[in-house]
Amino acid sequence: MKVGIIGTGFMGAAHAAGWAEIPVEIAGFVMSQNKSDNPLPKKYGTKTYYAIEEILPEVDVIDICTPTFLHLEQVRIAAEAGKDIVCEKPLALDLKSALEIERLCRLNGVRLFVAHVVRYFPEYAKACELVRKGDFGTPATVHLRRCSYRPKKPVGNWFLNEKKSGGILMDLAIHDFDYARWVSGEVKTVFAAKVSSFEPAAQIDYGLVILTHEKGTLSHVTCGWAYPPPNFQTGFDINCENGNIHFDSAETAPINPLIHRNEDSSDVALPGSPMAESPYTAEIRDFYQALMTGTDARVHPLDGVKAVQIACAAQESARTGEPVQLADLEGGLK
């Protein structure tokens, strides 16, 4: 199997490291002409290309690690060439484009894997497993936190252009929208508020979002680009009928969620290892296994679409100050 990686930024490097751990060949990297000095091709002993069309004859899989606003056209080119696709999250900037990406892959008979990497972080995966086992009962509330330093401000930084990145509700909070749905099921209503400023001197980008799930669970998502670098903190509290599961990346043992059972006041640390495989490698390995065996990966294409749907609803709610029913967006998705 030969893989072509589109994009040589942080995510391109992370995906390349994952593919390097798997018995595939990285056939090359596609980058813009002004980034021709990027070290990744040399590091992996492979070729440099400057257009996705150039690499298509050389690969079986296209791995898209480019800015979100470029995804739809790049997926279209790869799908129509019959190439299986890995695509970084968010799948697209709007629901119509996300649906078109899923449709293009389905109609052209190619596999689509959306890189929602939080599902592969061991703390998050273990907590979801515990909830699904049923010992804790139905989640009543889920609190999800994600805050990092604000992206740097060089000229043209696409992260700071909401028309290209979607801002914090699309680019950052979408991790937790996907996870909340994975743990607690389909989302019915989204209510959001946002405090943001892209003025040169401002450093404030915060979002608060409440998701009402069809089964009654309330998920509370907070996100921000606000910490001084290099701080990036995440965490969750999943509060169920029979206990809760807690994780905070700032605590001394971040690999292990702490479980608090109602019948036992002691804290029980789940077994884990600081040497655990990188979540980025774990997701690439899962995608590879799905390709080789024809089975489903942990993330289904419609998971990527529905995460975009929730993020779009959050953006609309933050704009209007009113809750948004997901059924009102493109007729809803089931």
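Above this note sits the structure.
All of the points below concern the structure found in this document. (Residues numbered from 1 in each chain as written. Predicted model: local features only at pLDDT ≥ 70, side-chain atom pairs only at ≥ 80, totals over all residues. Heavy atoms only, no water.)

## Focus: a nonpolar patch on the surface
What counts here: For patch building, the residue pool is restricted to those with more than 30% relative accessible area and no salt bridge; the joining distance is 9 Å between like charges and 5 Å between nonpolar side chains (Val, Leu, Ile, Met, Phe, Trp, Tyr). Here the Shrake-Rupley method, with its probe set to 1.4 Å, supplies the accessible areas, and only the displayed protein chains count as covering residues. We define a salt bridge as a side-chain nitrogen of Lys or Arg found within 4 Å of a carboxyl oxygen belonging to Asp or Glu. Numbered from the N terminus, helices here are DSSP runs of H or I no shorter than four residues, and strands are runs of E no shorter than two. Burial status follows relative accessibility: with a 1.4 Å probe on protein chains alone, a residue under 20% of its type maximum counts as buried, one over 50% as exposed, and anything between as partly exposed.
A cluster of nonpolar residues, Phe191, Ile210 and Leu218, forms a patch on the protein surface that exposes about 240 Å² of accessible area. With respect to the secondary-structure elements, Ile210 resides in strand 9 (residues 205–213). Since its relative accessible area comes to 37%, Ile210 is described here as partly exposed.

## Details of the side chain of Thr189
So the rule is basically this: Here a polar contact means two N or O atoms within 3.5 Å. Within protein one must be a hydrogen donor candidate and the other an acceptor candidate, and residues neighboring in sequence count only if both atoms are side-chain atoms. Should any heavy atoms of two residues lie within 4.5 Å, those residues are considered in contact.
Within the element layout of this structure, Thr189 appears in strand 8 (residues 187–196). Of note is the side chain of Thr189, whose polar atom sits 3.2 Å from the side chain of Gln325. Ignoring sequence-local partners within four residues, the contact set of Thr189 consists of Ile210, Leu211, Thr212, Pro323, Val324 and Gln325.

## Here's the deal with the environment of Ile6
Looking at where Ile6 falls in the secondary structure, it is placed in strand 1 (residues 2–6). As for Ile6 and Ile62, which are separated by 56 residues in sequence, their C-alpha atoms are 7.2 Å apart.

## Things to note about the environment of Pro151
By the element assignment, Pro151 lies in the loop between strand 7 (139–149) and helix 7 (162–165). Judged by relative accessible area, which is 14%, Pro151 ranks as buried. For the pair Pro151 and Ala226, spaced 75 residues apart in the sequence, the C-alpha separation amounts to 9.4 Å. With residues near it in sequence (within four places) discarded, Pro151 still touches Asn157, Phe159, Leu160 and Trp225.

## As for the pairing of strand 12 (residues 243–248)
Basically, it comes down to this: Any two strands with at least two DSSP bridges between them are considered paired.
As judged from the six bridges shared by strand 11 (residues 232–240) and strand 12, these two strands associate in the antiparallel manner. By the bridge assignment for strand 12, Cys240 is matched with Gly243. The hairpin turn running from strand 11 into strand 12, its antiparallel successor, is two residues long.

## Some words on the pattern of salt bridges
Considering all chains together, one arrives at 16 salt bridges under this definition. A salt bridge links Arg181 to Asp303; its shortest N-O distance comes to 2.8 Å. Placement of Arg181 in helix 9 (residues 174–184) and of Asp303 in helix 11 (residues 301–320) is noted, with a sequence separation of 122 residues between them. For the pair shown, Arg181 and Asp303 are each scored as buried. Taken together, the shared-partner salt bridges in this structure form one network comprising Arg119, Asp178, Arg181, Glu186, Asp303 and Lys306.

## Some remarks on the packing of helix 9 against helix 11
Test applied: Note on geometry: axes are C-alpha line fits, over the in-contact stretch for helices, and angles between N-to-C directions span 0 to 180 degrees. By definition, any crossing whose near helix is turned counterclockwise from its far helix by less than a right angle is left-handed, and any crossing with a clockwise turn is right-handed. Three classes are used, and their members are as follows: Ala, Val, Leu, Ile, Met, Phe, Trp, Tyr, Cys and Pro are nonpolar, Asp, Glu, Lys and Arg are charged, and the others, Gly among them, are polar.
Running from amino to carboxyl end, helix 9 crosses helix 11 at an angle of 120°, the nearest separation of the two axes being 9 Å. Viewed along their axes, helix 9 and helix 11 form a crossing whose handedness is right-handed. Along its contact with helix 9, which presents Ile174, Phe177, Asp178 and Arg181, the element helix 11 presents Asp303, Lys306, Ala307, Val308, Ile310, Ala311 and Ala314. Class assignment of the residues belonging to the contact of helix 9 with helix 11 gives a composition of seven nonpolar, no polar and four charged.

## Section: unusual backbone geometry
For the bond running from Lys89 to Pro90, omega is -15°, close enough to zero to count as cis. Note on placement: Pro90 falls in the loop between strand 5 (84–88) and helix 5 (95–107).

## Examining the nonpolar core
In plain terms, the rule: As used here, the term nonpolar core means buried Ala, Val, Leu, Ile, Met, Phe, Trp, Tyr and Cys residues forming a set that is joined through side-chain atoms within 4.5 Å.
Grouped together as the largest cluster of nonpolar side chains are 95 residues, with contacts concentrated most on Tyr179 and Ile238. Looking at which element gives the most residues to this core, the answer is helix 11, with eight residues. The contact partners of Ile238, leaving out residues within four places of it in the chain, are Ala127, Val131, Pro139, Thr141, Val142, Tyr179, Val183, Gly243, Asn244 and Ile245.

## What to know about the packing of aromatic side chains
Quick note on the threshold: Between 30 and 60 degrees the pair is tilted, below 30 it is stacked and above 60 it is edge-to-face, where a pair is any two Phe, Tyr or Trp rings, Trp via its six-membered ring, whose centres lie within 6.5 Å.
Using the criterion set out here, one finds eleven aromatic pairs in the structure. Ring plane angle 75° and centroid distance 6.4 Å describe the contact between Phe121 and Tyr124, whose orientation is recorded as edge-to-face. For Phe121, a relative accessible area of 26% gives the class partly exposed. By relative accessible area, which is 1% here, Tyr124 ends up buried. A ring pair is formed by Tyr124 and Phe236, whose centres lie 4.9 Å apart and whose planes are at 65°; its orientation type is edge-to-face. Remark: Phe236 occurs in strand 11 and Tyr124 occurs in helix 6 (residues 122–133); sequence separation between them is 112 residues. Given the relative accessible area of 0%, Phe236 is considered buried. The rings of Phe121, Tyr124, Tyr179, Trp182, Phe236 and Phe247 are connected pair by pair, giving a single aromatic cluster.

## Details of the sheet that holds strand 4 (residues 61–64)
Strand order in the open sheet formed by six strands is 3-2-1-4-5-6, with parallel pairing between adjacent strands. Lying at the two open borders of the sheet, with one neighbouring strand each, are strand 3 (47–49) and strand 6 (112–115). Strand-to-strand twist across the sheet, computed as the mean angle between neighbouring axes with direction ignored, equals 20°. Where strand 5 and strand 6 come together, four bridges link them in parallel fashion. In the sheet register, Cys87 faces strand 6, and the bridge partner there is Val114. Along the sheet, helix 10 (residues 279–293) contacts strand 4, strand 5 and strand 6; its crossing angle with strand 6, the most-contacted strand, is approximately 170°.

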